[in-house]
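Read off the chains here:
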Amino acid sequence: MKKQIRLNAFEMNCVGHQASGLWRHPRDRAWQYKDLAYWTELARLLEKGLFDGLFIADVIGYYDVYGGNTEAALRDAAQIPLNDPLQLIAPVAMVTEHLGIGVTISTSYEHPYTFARRLATADHLSGGRVGWNIVTSYLDSGARNTGQQALLEHDARYQRADEYMEVVYKLLEGSWEQDAVVRDKEKGIFAHPEKVHPIRHHGEHFRVPGVQMSEPSPQRTPLLFQAGSSGAGVNFASRHAESVFVNSHTLSGLKSYVASLREQVIANGRQGNDVLVYTLVTVIVEETDEKAQQKYEEYQRYISRPGALALISGWTGLDLAALPHDVPYPQLPEPASGLVARFAAGDTSWTLNDLADYGAIGGLGQVFVGSASTVADKLQLWVEETDIDGFNLSYVVAHETFNDVVKWLVPELQRRGVYQTRYPQGKTLREKMFGRGPLLPENHPAHAYRDPARYTDNVKQEVKQ
C-alpha cells in the first residue's frame with residue numbers, strides 16, 4: 001500500500017505568519033484575524049478538505065533582534081499584533097465535527113496548575129479534538145516581559161519542561177480516577193471524594209499540592225505535539241510527543257532527523273510509529289504549472305525583505321540588520337554566512353537579500369509550485385524518501401492558499417490513493433490520528449501517573465513523616 005499523506009493547516013492568530021509582506025496583497029484576508037467569521041470559514045474549508053487539523057502556532061514576545069528594535073516587525077506585522085490561540089478552539093469546534101485543533105502553549109511562562117484546567121476545558125468543549133503543541137519558547141523579549149531577567153539557557157528550558165509535563169500528567173491523568181464522577185442524584189454524590197487525589201508535587205520548579213480543578217476530559221491529556229530539532233528537543237519529543245513538526249529544506253536532512261527520532265522513540269519503550277512527523281511546506285497550486293508559476297510571481301511582488309529578516313533574526317538570534325545585505329555569503333562573517341549557506345544549495349552568490357526573498361514566502365520551509373500533479377509528485381517523493389507522515393501547510397494569501405489546496409491538490413492526492421476520502425471513526429483527535437482509544441497508550445510515560453496507588457502512597461509517606 002502507498003503511504004497515506006496527512007495535512008495540517010499551519011496558522012497563527014495574527015496578520016503576518018510565514019509570508020512577509022503578503023498582507024498587502026489585494027486578495028489577502030489575514031487582517032480579519034480578529035473576526036470569528038475568519039476562523040469559522042477557514043475551519044469549514046479545512047474540514048471539507050479532510051485536513052487532520054488546524055495547527056495554530058504562537059510565540060510569547062516580539063521580534064526585536066533585527067536592528068535591536070521592533071520597528072521592522074511592527075511595520076510589516078511580522079507575527080505582531082498577535083492574539084491568544086486557545087480562545088479559537090471553541091468557535092472552530094462549534095462549526096466542525098472532525099477537524100483537530102492544535103494550539104501552541106509554552107511551558108516557560110504559564111503555571112502548569114492553571115494551564116491544566118484551561119487545557120481540560122478546551123478538550124471538554126471540543127469533544128476531545130484538542131492537541132497541545134509543547135514549546136519552551138525562544139524569544140528573549142518574552143522572558144523579559146514575564147518577569148525573568150533573560151531567557152533560560154536552551155537545555156535548561158527543556159529540563160524545566162520535563163517537570164512541567166510531570167505536573168500536567170499528574171493533574172490530567174492521575175488526580176481524578178476514571179470513575180470518580182457518578183452524578184448519583186439519589187445518594188447526593190456527584191463525585192466520590194476518595195477517588196479524587198491531591199497530587200502533592202514537590203519539585204525543583206513547581207509546588208502543586210492539591211487536586212485538579214476539572215473532571216477528566218474525553219482525552220484526559222490532549223494529543224501531544226512538539227516542535228524541536230535540537231538534541232534536547234528530539235530527546236524530549238521521543239519521550240512525550242505523539243506528533244512532531246520539523247522544518248527541513250533538504251530531503252537528506254529530513255530523512256536523517258526522522259530516523260534518529262524514531263530510534264529514540266523506540267529506545268524509550270515506545271513504537272516507532274507512535275509518533276507522526278509533519279514537515280513545513282508551502283504549496284502554491286493551480287490548474288496548470290504555468291498558472292501556478294504566474295501566481296507565485298504575483299505573490300513575490302508583495303514580499304517584504306525587512307519583515308522576513310526580522311523573523312529570521314528572531315529565529316536565529318542573529319541581528320542581520322547589522323550586516324551588508326548584498327554581499328555574497330562567503331564574504332559574510334560567521335555565523336551569518338553559515339546561515340545563508342544552508343539555503344543556498346552551493347550557490348556562493350547568495351546574499352542576505354536572497355535569503356530574505358527565500359524566507360518571505362513560507363518562512364524557511366520548502367515552497368512547492370505547480371499543478372496538482374506536479375505538487376502531488378513532490379509530496380509523495382518527500383514522504384517516500386524521508387518516512388515523514390505528512391505536511392504542515394503554511395499559507396501565502398488567506399484563505400486563497402488553502403482554498404486552492406482543497407480545490408486542486410486534495411482531489412489529485414485522493415485519485416492517487418494517498419489521501420483519505422473520509423475521516424476515520426472515533427470522536428477524539430487521538431482516535432482519528434491513531435485508530436485507537438481516546439487516552440494515551442500504556443507505553444507512554446503519562447500512563448504511569450494514572451495509578452491511584454501513586455497518590456495514596458504519597459499520603460502514607462507524609463503521615464509517617
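Description of the structure in this document. The structure displayed is predicted, hence computed values, not measured ones.

Here we come to the pairing of strand β13 (residues 390-394). Consecutive side chains along a regular strand alternate between the two faces of the sheet. Of all the 5 residues making up β13, 5 are buried; the element is thus mostly covered by neighbouring parts of the structure. Of the strand pairs in this sheet, strand β1 (residues 6-12) and β13 are connected by 5 bridges, and their pairing is parallel. Its bridge partner being in β13, F10 is matched across the sheet by S394. Summarising the sheet, strand β11 (residues 276-286) and β13 pair through 5 bridges and their orientation is parallel. Within the sheet, the bridge partner assigned to V281 lies in β13 and is L393.

Taken as a whole, the largest pocket encloses approximately 1200 Å³ of empty space. Lining of the largest pocket is provided by 40 residues; of these, Y138, A227, S229, N247 and W315 occupy positions nearest its centre. Every element with two or more residues in the lining of the largest pocket is listed here: β1, β2 (53-57), β3 (100-106), β4 (130-135), α6 (154-174), β10 (243-246), α10 (305-316) and α11 (336-344). The element that contributes the greatest number of residues to the lining of the largest pocket is α11, accounting for 4 residues. Here the lining of the largest pocket is composed, by residue class, of 19 nonpolar, 18 polar and 3 charged. Counted as a void, the second largest pocket has a volume near 380 Å³. Around the second largest pocket, the lining is made up of 24 residues, and of these Q4, R6, L276, K432 and M433 lie nearest the centre. Broken down by secondary-structure element, the contributors of at least two residues to the lining of the second largest pocket are β1 and α15 (429-434). Element by element, the count of residues in the lining of the second largest pocket is highest for α15, at 4 residues.

Further remarks concern the side chain of S243. Within the secondary structure, S243 sits in strand β10. Residue classification places S243 among the buried residues on the basis of a relative accessible area of 0%. Sequence-distant contacts of S243, defined by excluding residues within four places in its chain, comprise L224, F225, Q226, V275, L276 and Y278.

Further remarks concern the packing of aromatic side chains. The tally for this structure, following the rule as stated, stands at 17 aromatic pairs. Consider the rings of F10 and F55, whose centres lie 5.5 Å apart with planes at 20 degrees: the pair is stacked. You can see F10 sitting in strand β1 and its partner F55 sitting in strand β2, a full 45 residues away along the chain. With respect to class, F10 is no different from F55; both count as buried. What links up through ring pairs into an aromatic cluster is the set F10, F55, F225, F245 and Y278. Of note, R436 hangs over the ring of F434, and the distance from its end group to the ring centre comes to 4.4 Å.

For helix α4 (residues 112-125), which comprises 14 residues, the first-to-last C-alpha distance of 20 Å matches the rise-based estimate of 20 Å (1.5 Å per residue) to within 8%. Along α4, the residues classified as buried are P112, F115, A116, L119, A120, A122 and D123. All buried residues of α4 project into a common sector of 160 degrees when viewed along the axis, lining one side. Considering only its buried residues, α4 is in contact with α3 (89-94), β3, β4 and α6.

This part takes up the nonpolar core. General note: in soluble globular proteins, nonpolar side chains tend to be found buried as a group. Grouped together as the largest cluster of nonpolar side chains are 88 residues, with contacts concentrated most on F51, W132 and F391. Tallying contributions element by element places α6 first for this core, with 9 residues. The contact partners of F391, leaving out residues within four places of it in the chain, are I5, R6, L7, N8, Y278, T279, V281, L379, W382 and V383. Counting residues in each nonpolar core, the second largest holds 34 residues, with A72, Y299, L323 and F343 among its members.

Within the secondary structure, T70 sits in the loop between β2 and α2 (71-76). Since its relative accessible area comes to 23%, T70 is described here as partly exposed. Sequence separation between T70 and I80 is 10 residues, and the spatial gap between their C-alpha atoms is 9.5 Å. Those residues in contact with T70, other than ones at most four positions away along the chain, are Y62, Y63 and D64.

Taken N-terminus to C-terminus, the directions of α6 and helix α7 (residues 231-240) make an angle of 15 degrees; their axes are 10 Å apart at the nearest point. Taken together, the axes of α6 and α7 are roughly parallel relative to one another. Judged by the sense of rotation from one axis to the other, the crossing of α6 with α7 is right-handed. Contacts between α6 and α7 involve H154, D155, Y158, A161, D162, M165 and Y169 from the former and A232, G233, F236, R239 and H240 from the latter.

The subject of this paragraph is the pattern of salt bridges. Close approach of charged atoms allows side chains of opposite charge to pair. The final tally for this structure, using the stated rule, is 29 salt bridges. Note that R305 is salt-bridged to D357, the shortest N-O span being 2.9 Å. With R305 in helix α10 and D357 in helix α12 (residues 352-359), the pair connects residues that are 52 residues apart, well separated along the chain. With a relative accessible area of 34%, R305 lands in the partly exposed category. Here D357 falls in the partly exposed class, since its relative accessible area comes to 27%.

Cut-offs and rules
- Residues numbered from 1 in each chain as written.
- Predicted model: local features only at pLDDT ≥ 70, side-chain atom pairs only at ≥ 80, totals over all residues.
- Heavy atoms only, no water.
- Buried < 20%, exposed > 50% of the residue type's maximum accessible area, 1.4 Å probe, protein only.
- Helix = DSSP H or I, 4+ residues; strand = E, 2+ residues; numbered from the N terminus.
- Pairing = 2+ DSSP bridges.
- 1 Å grid on protein atoms, 1.4 Å probe; cavity = no way out; pocket = protein on both sides within 12 Å on 5 of 7 lines; lining within 4 Å.
- Points joined across faces, edges and corners; volume = space filled by probe spheres on them.
- Nonpolar A, V, L, I, M, F, W, Y, C, P; charged D, E, K, R; others polar.
- Contact = heavy atoms within 4.5 Å.
- Phe/Tyr/Trp six-rings, centres within 6.5 Å; stacked < 30°, edge-to-face > 60°.
- Lys NZ or Arg CZ within 6 Å of the ring centre and 35° of its normal.
- Expected span 1.5 Å × (residues − 1).
- Arc of directions from axis to C-beta.
- Core = buried A, V, L, I, M, F, W, Y, C linked by side-chain atoms within 4.5 Å.
- Axes fitted to C-alpha atoms, helices over the stretch in contact; angles between N-to-C directions.
- Parallel < 35°, antiparallel > 145°, perpendicular 65-115°, else oblique.
- Left-handed = near helix turned anticlockwise from the far one by under 90°.
- Salt bridge = Lys/Arg side-chain N within 4 Å of Asp/Glu carboxyl O.

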